[in-house]
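Report on the structure
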Amino acid sequence: MHEATPQQPSRRSVLWGAGAAGAGIGLGAAASPSAAAAPRSAPRRSGRARHAPRGRGDVDEVHVPALAQPHEVPFERRETVRVGIIGLGQRGGSMIDLFLALPGVRVTALCDPVREKAEAAAAKVTAAGQPAPARYTGGDRDFVRLCERRDVDFVYVATPWDWHYEMCRTAMEHGKHVGVECPLALELDQLWELVDVSERTRRHCMQLENCCYGRNEMRVLRMAHAGLFGELLHGAGAYIHDLRGLMFDPDYYEGPWRRLWHTRLRGDLYPNHGFGPVANYMDVNRGDRAVRISTFGSPALGLAAYRAQHMPPGHPSWKESYIESDMSISLVQTAKGRVIRLEHAVSNPHPYSRLNILGGTKGVFEDYPARIYLEPEMTDDRWGDFGAYADWDHWLWKKHSNPPGGHGGMDYIMLYRLVQCMRLGLVPDFDVYDAATWTAPVPLSHRSIKAGGAPQEIPDFTRGLWRKARPGVDSAEPAG
């Protein structure tokens with residue numbers, strides 16, 4: 001297997017990391033906040049789905065109700081969901097196990113520039129009793145051929161970040177629904193383009209935000225919607241995770257691509273894990289919306305200190321200058337006046353935390369460790385036992401109390417629900433508007449820090465549709 005060494009990055013790192021520099025330059029020269037936040041033209045509202053010109057990847061046209069937007073468009077009902085996976089490194093190589101564990105899923109195509117990784121994943125497919133999948137290992141653009149296939153309904157993207165935008169756009173243009181690891185894209189124009197393409201093609205583009213499906217997150221969501229916290233006032237989410245060792249590990253990320261983002265941006269590189277759950281609690285894009293963000297960042301010292309302690313002279317990282325704040329703290333305000341705090345810290349010693357805080361007029365929940373205080377049942381100014389509220393677990397966790405897979409089973413719950421929606425022909429729990437909103441802090445936090453913490457307007461990717469209440473992750477259990 002061709003793996004990276006301190007002297008030589010892996011082939012995949014070279015092929016799928018080459019576009020990062022251009023994306024970083026684009027962010028550094030971003031347009032003014034007013035220009036970036038300006039609303040686009042009115043949504044496209046054809047009553048017929050439109051796809052790329054007919055060819056190998058063509059699918060039958062799907063009729064949807066007139067005026068329907070992505071959040072109103074159900075999946076086409078199908079007995080078997082045929083999945084194509086792009087990117088078979090640490091994340092994609094493990095998530096394939098969960099796809100294969102789900103009923104009604106067939107993995108039909110795989111893509112990775114490292115042939116050995118594609119072959120290892122293909123062996124998992126055949127070991128699960130499925131036909132051998134097609135493999136695309138012919139370079140950094142071979143993913144296009146996967147998207148062209150007729151026997152792929154859903155494309156899963158787990159590649160370095162700078163490729164997410166192009167791969168999602170390509171999948172939708174070829175008539176495929178697509179789900180992508182965080183973040184959705186790196187620039188506001190890219191986020192808008194994916195919204196436009198999803199609306200035009202009527203293909204769903206989803207941020208596979210697995211933390212939204214965590215047991216605690218889903219329990220708090222149901223409690224919040226039932227009014228146990230009263231009127232919601234504030235929340236917090238974070239990605240606090242010491243990644244120093246992994247970012248300098250030549251095998252884990254197959255080269256320096258993730259570390260290199262610390263040489264290009266100063267803000268919150270990974271807001272989704274913290275933002276997604278709190279946005280769900282507050283019905284962002286479903287009755288409320290995020291309107292502005294202000295971000296402040298600490299000095300960038302952690303990675304350089306780690307390098308000095310652990311990297312030998314002559315290591316390629318000594319040519320890198322890190323600018324990413326060791327700790328960035330953002331405040332997001334919503335249209336209803338609520339406040340969401342987002343934190344990002346991956347370059348210093350710290351136990352893992354997503355904060356996961358929600359406060360209202362009747363009480364508060366805080367995670368890591370999980371604890372709760374609610375009135376009127378708690379009056380002694382002491383935290384209560386969150387485990388006592390297990391009856392509020394989401395039906396998905398009651399149905400799958402011990403799910404397989406990593407991250408405490410939330411990955412499996414997320415994929416189970418996605419596949420369930422596709423097999424039953426349901427509207428997904430979240431959509432391209434959510435994906436764009438949860439990712440917008442990436443470019444906007446960078447811009448805010450550069451402007452001394454000045455507020456940056458968050459675009460209304462829904463073009464006003466956020467005022468309409470609609471279901472989300474707090475979904476009712478479907479019949480059948």
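Residues numbered from 1 in each chain as written. Predicted model: local features only at pLDDT ≥ 70, side-chain atom pairs only at ≥ 80, totals over all residues. Heavy atoms only, no water.

Bringing the sheet that holds strand β9 (residues 328–334) into the picture now. The eight strands are arranged β13-β12-β11-β7-β10-β9-β8-β14 in an open sheet whose pairing can be described as mixed. Every other strand in the sheet has two partners, leaving β13 (371–374) and β14 (456–457) as the edge strands with one partner each. With three bridges connecting them, strand β11 (residues 357–360) and strand β12 (residues 363–366) associate as antiparallel partners. Pairing of L358 across the sheet is with F365, part of β12. Contacts from helix α17 (residues 441–450) reach β8 (290–297), β9, β10 (339–345) and β14 within the one sheet, and its direction differs from that of β8 by about 55°. (Pairing = 2+ DSSP bridges. Helix = DSSP H or I, 4+ residues; strand = E, 2+ residues; numbered from the N terminus. Contact = heavy atoms within 4.5 Å. Axes fitted to C-alpha atoms, helices over the stretch in contact; angles between N-to-C directions.)

Omega for the bond connecting C182 with P183 falls within 30 degrees of zero, at -10°, which places this linkage in the cis form. As for its position among the elements, P183 is in the loop between β5 (177–180) and α8 (188–201). The omega torsion of the bond from Y368 to P369 falls at 0°, within 30 degrees of zero and hence cis. Residue position: P369 is located in the loop between β12 and β13. The backbone of N356 sits at a positive phi, close to 55°, despite the residue not being glycine. Residue placement: N356 occurs in the loop between β10 and β11. A positive phi angle, close to 65°, is found at D381, a residue other than glycine. Here D381 lies in the loop between β13 and α14 (395–399). A relative accessible area of 69% places D381 in the exposed class. (Buried < 20%, exposed > 50% of the residue type's maximum accessible area, 1.4 Å probe, protein only.)

A word on the side chain of T334. Among the secondary structure elements, T334 is positioned in strand β9. On the accessibility criterion, T334 (3% relative accessible area) is buried. Those residues in contact with T334, other than ones at most four positions away along the chain, are M282, D288, R289, A290, V291 and I340.

Read these as layout, nothing more, since geometry by itself doesn't imply function.
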